[in-house]
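The primary structure of each chain is shown beneath.
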Amino acid sequence: MIGLGLRLTLAGGKEAAVRLAVTVAAVGLGVGLLLISLSGMNAINAQNARTAWLNTGQFRGPHGSPVAGGGSGHPGSVPGSTHASGSGSAPGMPGAPKPGAAGAGGSGTSATTALWWLYRTDHFGNQTIDRVDVAATGRGSPVPPGISHVPGPGQFYASPALSKLLRSTPAAELGDRFPGQQIGTIGSAALPTPNSLIIIVGHSAAQLSQVPGAAEVTEINTTTGHSGGANGFDSNTLEVILAVGALALLVPVLMFIGTATRLSAARREQRFAAIRLVGASPRQVSVISAVEASVAALGGVAVGFGVFFLLRPVLTNVPFTGQPFAPGDLSLNAVDILLAVLGVPIAAVAAARIAMRRVRISPLGVTRRVTPPAPRAYRLLPLAAGIAELAYFAATGSPEGTGAQILVYFSGFLLIMAGLVIAGPWLTMLGSRLMARRTSRPAVLIAGRRLSDNPQAAFRAIAGLIIAIFVTSASVGVITTILDDHGATSATGAQNALIDQFGNSPPPGQPVSTTPVPASLTARLRSMPGVEGVAVFYGQPASGNGQATAAYRVLALCDQIARTPAIGRCPPGAKVVTITRNLDSNTVTSHSTLAQSVWPRAAVTPGQLRNLPIRGIVVQTGPSSFALERARTVLEVALPGQGPPVTLSEINAASTRTIAELQQLTNAVILISLVVAGCSLAVSVTAGVTDRKRPFSLLRLTGVSLKALRRVVALEAGVPLLIVAFLAVGIGYLAAALFLQSQLGEALQPPKIAYYVLLAAGLLASLGIIASTLPVIGRITGPEVARNE
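Residues numbered from 1 in each chain as written. Predicted model: local features only at pLDDT ≥ 70, side-chain atom pairs only at ≥ 80, totals over all residues. Heavy atoms only, no water.

### Thoughts on the overall build of the protein
Along the protein, the regular secondary structure elements total 25 helices and 14 strands. Going through the 789 residues of the protein one by one, you find that 54% of them count as buried. Taking the contacts inside the protein whose residues are at least 6 apart along the sequence as the reference set, 81% of them involve residues at least 24 apart. Put simply, the protein shows about 32,100 Å² of open surface, and 62% of that area lies on carbon and sulfur atoms. (Helix = DSSP H or I, 4+ residues; strand = E, 2+ residues; numbered from the N terminus. Buried < 20%, exposed > 50% of the residue type's maximum accessible area, 1.4 Å probe, protein only. Contact = heavy atoms within 4.5 Å. Areas by Shrake-Rupley, 256 points an atom, 1.4 Å probe, with all protein chains shown as cover.)

In C-alpha cells form, the structure reads like this:
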C-alpha cells in the first residue's frame, strides 16, 4: 500500500501533480512562518539573556515588582521621591539594600568577594546609555560579562557603539562624563543588541561605597527578563505579554498549515471511496491517505526551511523589538526543529485520517453526501469558559508569580481562540438560516442552504482570518491603553528642559542629606551658549522649625521660573512659588500638562529662599542638542554622586523604551497574523471551489447562470466572515480589557482611528481575495466537467 500511495501521489497525472505542488507550497509557506516565529521568540529570549546582567542588585517584591535597586538612577527627586530615571532607592529608604547585603540572589557578602555596584541610565540625544559603576573589593570579586576583569579607578570599558560615539562627539558633550581611560570594549556576550550603548566605569571601593544607591553584590545576575520600570512594567508583565503574543502568532500559522494539508480533501475522499469499491480495506485506504499526506508535508517542511534560511539575513536587521537582533539570534533549537520535521507530518497524517472517517464507514458514504449533524449551542462553552477565566482574575487580581500568570493568561486566551473556532460553525448556521428566510433570490437561497447544510466547512475557510481579527483587536486594545497611560510625555519644551534632582529621602524623623552645590555652577550654566534659563529648587522643612526632615516643600524663584516655561509658571505678582508636584515618572507622563501648571505663591521672601538647601536644578535650553548635552555633562561632572540629569521627555525613558519594543512586537504579530490569514483564506476558498466542480457543473446544466454561482461562492465566504468578524472584534476588546484590569489595573482605552482603518482594510482585502477566486468558477464548471465526472 505504501508503494501504491507513492505512485498515486507522484505519478497520478497532471491533477495529482498540481495538487501536490500547491499543497507543498502552502505547507512550505506555513512552516517557514512557523520557523520564523519560533526563531523570533528565541531571539527575544537571547536579547533578554544578554540584558540580565544589567539587573544585578535588583530586589523584587510581590508580583515581581522591584522594591529597591542595587543602585540605579538618581538618589532622590523633588519633592522627596526617588528619581525616575532609574529603579533604585536611596540608602536608608524602606527596601533599599544595606551595605553587606547580597544582590542578584547572593546569600551574603565578604570583604574579599563582594563587588560594589551602581547601575543607572544616562542619555545622549534620543539614545539611552546604560552605565554601571563598579569597584572590586578583592581578587575574588565577580566580573561582569563581556570584559576580562573589573576596571580599576580611572578606567572604563565601553561597548563598540558607545566607543564610536565617544570618538565622534566633542568631549564637552559626552566624553567628559566618563573621566579616565578606556581600557577595552565590552564583548558581545554583554550586549543586548549590536548598537547597545553600555559603559562600565571603575572606582575604588572606598569611593563608590560612599555614593548614594551603590550596593554590594556577590554574583552577577543571570535571570532573564526585563528590569522593572517606573510605571509597573516589571519582568512578570512583559513575560506574560510575550507569552500571549507568541500564542497569538503561532495559532494562525498552525491553522494555515492545517488548511494547506486539507487541500482537495473532497477529491481525495471520492478517489478513496472508489478504491474501497474495488475491494480495499479501511486500513489500506488509511495507509494510502497517510502516505499522500506525508509526502506533501515533508516536501512542505523542506520548502519551509528554505524560506526560513532565505529570509533570516533580512529579518535579522528588522527591529521587531525596537532594536536589531545580533547575528545568530534568529536561530532554531532542537525542539523547534523536531516540531517542524516531525510535528507537521504527524499532524498532516492525523488530519488525513480524520478526513477519511466517512470513507472508512462505507464506500458509498462520500457519494451519498449525508448531511452532517447541525452544530449545537454547547459549542459556545469554551468561549464562555475563556472569558470567565479572564473575568475572574480581573475581579480578584492576577495570581502570584510569573509562571502562574503565564499559565492563567495563556490558557485564557487559548480557550477564547479555540472557542471562536469551535463556536464559529454554530454562528454561521444561525446567520445562514436568517439569510435564507429573509430572501427569495436564487443565489442567496442556494448559499444559505449550503451554509446551513455544512457550516463547519464554510467556517473553516475563514477561521484563520477570524483568529487574526481577534488577535488584532486584543493587541491594539492592550497597546493603545499602555501608550495612552504610560507613553512618553509630549509636554511643551519637554525635550529641552533638563532636570537634575538630588537630596536623599530618609525615613521620617531622620535628617535630609543635602548636596553642596557650588555657587559657580549656576552661573556657568547661565553663561553657556544655547541655555535660555536656569531655575534652582530649594527645600524648606515642612515643620517650619528650621530642622531639615523628610517632609519638606520645594520652592523656586519666579524670575527663574519665567525663563524655564517647561516646568510651569507663577501667578501674577508672585516672587516665590511652591512646586506642588513631583517631577518624576508618576506625574510626568503622556498626559502631562506641566507647562500649563500655575504654582501657588509661597510666603517666603527671595532673601530667605537663598538660605535654604538646594534640592534640584532645571536648565532650559534652545532647540539645539549641543547646548543640552553640554549642560548635562557640566552637571554630571560638577555633581558626580547625584546620577545623570534627565529631560522631562527622558524621565520615562526605560518605560518608553519597553513600550516601543511592545509596540514593535504588536505590529509584527498583527502583520504576520493578517498575512497568514489572507493566505489561508485564499487557499481555502480556491480549494473549496475546486472541490465543488461537480455540483457547480450540475447547477449550470440546470440553468443556473455563472453570475449566480459567483454570488453563491461570495456569499458562502462573505457572510460567515462578516458575522463572526464583528463578534471577534468585540471579544478581542473584552479580552484586552480583562487582561489590562487584572495585570496592570488599568481601564481599556478606545482605539484610535488607525485601528478602524486597519480593520476595514483587512476586511476589504479579504473580500478582494474571495472575489479573485470567482473567475475560476467559469473555467471548471463547464458541461464537459459534469460529463467527465
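The structure having been displayed, the exposition proceeds.
### Notes on the pattern of salt bridges
For the coordinates displayed, the defined rule picks out 8 salt bridges. The shortest N-O distance in the salt bridge between Arg50 and Asp329 comes to 2.7 Å. With Arg50 in helix α2 (residues 14–51) and Asp329 in the loop between α7 (282–316) and α8 (334–355), this residue pair connects regions lying 279 residues apart in the sequence. A residue is classified by how much of its surface remains accessible, and Arg50, at 14% relative accessible area, is buried. When salt bridges with common partners are traced through the structure, they connect Asp122, Arg177, Glu629, Arg632 and Glu636 into a single cluster. (Salt bridge = Lys/Arg side-chain N within 4 Å of Asp/Glu carboxyl O.)

### Here's the deal with the pairing of strand β6 (residues 181–185)
With 4 bridges connecting them, strand β5 (residues 155–158) and β6 associate as parallel partners. Following the sheet pairing, Ala158 is matched in β6 by Thr185. Between the parallel elements β5 and β6, the chain passes through helix α3 (residues 160–168) in a crossover that is right-handed. (Pairing = 2+ DSSP bridges. Right-handed = clockwise from strand over helix to strand, strands pointing away.)

### As for empty space enclosed by the protein
Using the criterion set out here, one finds 2 cavities of 30 Å³ or more in the structure. Estimates place the volume of the largest cavity at around 140 Å³. Those elements that place two or more of their residues in the lining of the largest cavity are α2, α7 and α8. With 4 residues, α2 is the largest single contributor of residues to the lining of the largest cavity. Grouping the constituent residues of the lining of the largest cavity by class yields 6 nonpolar, 3 polar and 3 charged. (1 Å grid on protein atoms, 1.4 Å probe; cavity = no way out; pocket = protein on both sides within 12 Å on 5 of 7 lines; lining within 4 Å. Points joined across faces, edges and corners; volume = space filled by probe spheres on them. Nonpolar A, V, L, I, M, F, W, Y, C, P; charged D, E, K, R; others polar.)

### Brief notes about the pairing of strand β4 (residues 127–136)
The element β4 is largely enclosed, with a buried count of 8 among its 10 residues. In this structure, the hairpin formed by strand β3 (residues 115–124) and β4 is closed by a connection of 2 residues, where Gly125 is found at a positive phi of approximately 65°.

### Quick look at helix α11 (residues 381–396)
When the terminal C-alpha atoms of α11 are compared, their 22 Å separation across 16 residues agrees well with the 22 Å that a helix rising 1.5 Å per residue should span. After α11 finishes, the residue Gly397 shows a positive phi value of roughly 100°. (Expected span 1.5 Å × (residues − 1).)

### Observations concerning the environment of Val31
Note that Val31 resides in helix α2. Sequence separation between Val31 and Gly304 is 273 residues; the distance between their C-alpha atoms is 4.7 Å. Setting aside anything within four residues of it in sequence, one finds Val31 in contact with Ile257, Gly300, Val301, Gly304, Ala340 and Val344.

### Examining the packing of aromatic side chains
In total, this model carries 9 aromatic pairs according to the counting rule given. With a centroid separation of 6.3 Å and 50° between ring planes, the pair formed by Phe413 and Phe470 is classed as tilted. With a gap of 57 residues between them, Phe413 in helix α12 (residues 402–437) and Phe470 in helix α15 (residues 463–486) connect regions that are remote in the sequence. Across the pair, exposure class does not vary: Phe413 and Phe470 are buried alike. Their ring planes at 65° and their centres at 5.4 Å tell us that Tyr755 and Tyr756 sit as a pair that is edge-to-face. Its relative accessible area of 4% is what places Tyr755 among the buried residues. (Phe/Tyr/Trp six-rings, centres within 6.5 Å; stacked < 30°, edge-to-face > 60°.)

### Examining the nonpolar core
With 54 residues, the main nonpolar core has Phe413, Met417, Ile466, Ile469 and Phe470 as its most contacted residues. When residues of this core are traced back to their parent elements, those giving at least two are α5 (235–261), α11, α12, α15, α20 (653–691), α22 (706–743) and α23 (753–772). When residues of this core are assigned to their parent elements, the largest contribution, 13 residues, is made by α22. Core analysis: the second largest hydrophobic core is formed by 29 residues, Ile36, Ile44, Leu330 and Val676 among them. (Core = buried A, V, L, I, M, F, W, Y, C linked by side-chain atoms within 4.5 Å.)

### A word on the state of the cysteines
Tallied over the entire structure, the rule returns 1 disulfide. Two residues, Cys558 and Cys570, share a disulfide whose sulfurs are 2.4 Å apart. Between Cys558 and Cys570, the disulfide has an S-S torsion of -105° and is therefore left-handed. Here Cys558 is found in helix α17 (residues 558–561), whereas its partner Cys570 is found in the loop between α17 and β12 (576–579), with 12 residues between them in sequence. Cys570 carries the same exposure label as Cys558, and that label is buried. (Disulfide = S-S within 2.5 Å.)

### Observations regarding the packing of helix α16 (residues 519–527) against helix α19 (residues 625–638)
Relative orientation and spacing of two packed helices are given, respectively, by the angle between their axes and the distance between those axes. The geometry of α16 relative to α19 is characterised by a closest axis approach of 11 Å and an angle of 170° between their N-to-C directions. Judged by the angle between their axes, α16 and α19 are roughly antiparallel. The residues of α19 that touch α16, namely those facing Leu521, Arg524 and Leu525, are Ala631, Val634, Leu635 and Ala638. Across the contact of α16 with α19, the residue classes break down as 6 nonpolar, no polar and 1 charged. (Axes fitted to C-alpha atoms, helices over the stretch in contact; angles between N-to-C directions. Parallel < 35°, antiparallel > 145°, perpendicular 65-115°, else oblique.)

### Considerations on α16
Here α16 has its buried residues at Leu521, Thr522 and Leu525. Projected down its long axis, α16 carries its buried residues within an arc of 90°, all on one side. The exposed set on the far side of α16, more than 90 degrees from its buried face, consists of Ala519, Ser520, Arg524 and Ser527. On its buried side, α16 packs onto β10 (531–541), β13 (614–621) and α19. (Arc of directions from axis to C-beta.)

### Here's the deal with the sheet that holds β6
Taken in spatial order, the 6 strands line up as β6-β5-β7-β4-β3-β8 in an open sheet, and their pairing is mixed. Looking along the sheet, the strands with just one partner apiece sit at the ends: β6 and β8 (215–217). Direction aside, the axes of adjacent strands within the sheet are offset by 30° on average. Set on the sheet, α3 makes contact with β3, β4, β5, β6 and β7 (198–202); between it and β5 the angle comes to about 110°. Sheet contacts for α19: β3 and β4; angle to β3, the most-contacted strand, approximately 160°.

### Regarding the side chain of Gln620
With respect to the helices, strands and loops of the structure, Gln620 is situated in strand β13. A polar side-chain atom of Gln620 sits 3.4 Å from the main-chain amide nitrogen of Ala566. (Polar contact = N/O pair within 3.5 Å; in protein donor to acceptor, adjacent residues only side chain to side chain.)

### So, the side chain of Arg120
Relative to the helices and strands, Arg120 is located in strand β3. A relative accessible area of 6% means that Arg120 is categorised as buried. Polar contacts involving the side chain of Arg120 include one to the side chain of Asp133, which spans 3.2 Å.

### Comments concerning the confidence of the model for the protein
Confidence in the prediction for the protein averages 76 pLDDT; 76% of positions are at 70 or higher. Overall, residues 59–112 carries pLDDT values under 50, and its contacts beyond four positions in sequence, including any with other chains, amount to 174 contacts. Below pLDDT 50 for its whole length, residues 504–510 participates in 18 contacts with residues either more than four positions away or in separate chains. (pLDDT = per-residue confidence, 0-100.)

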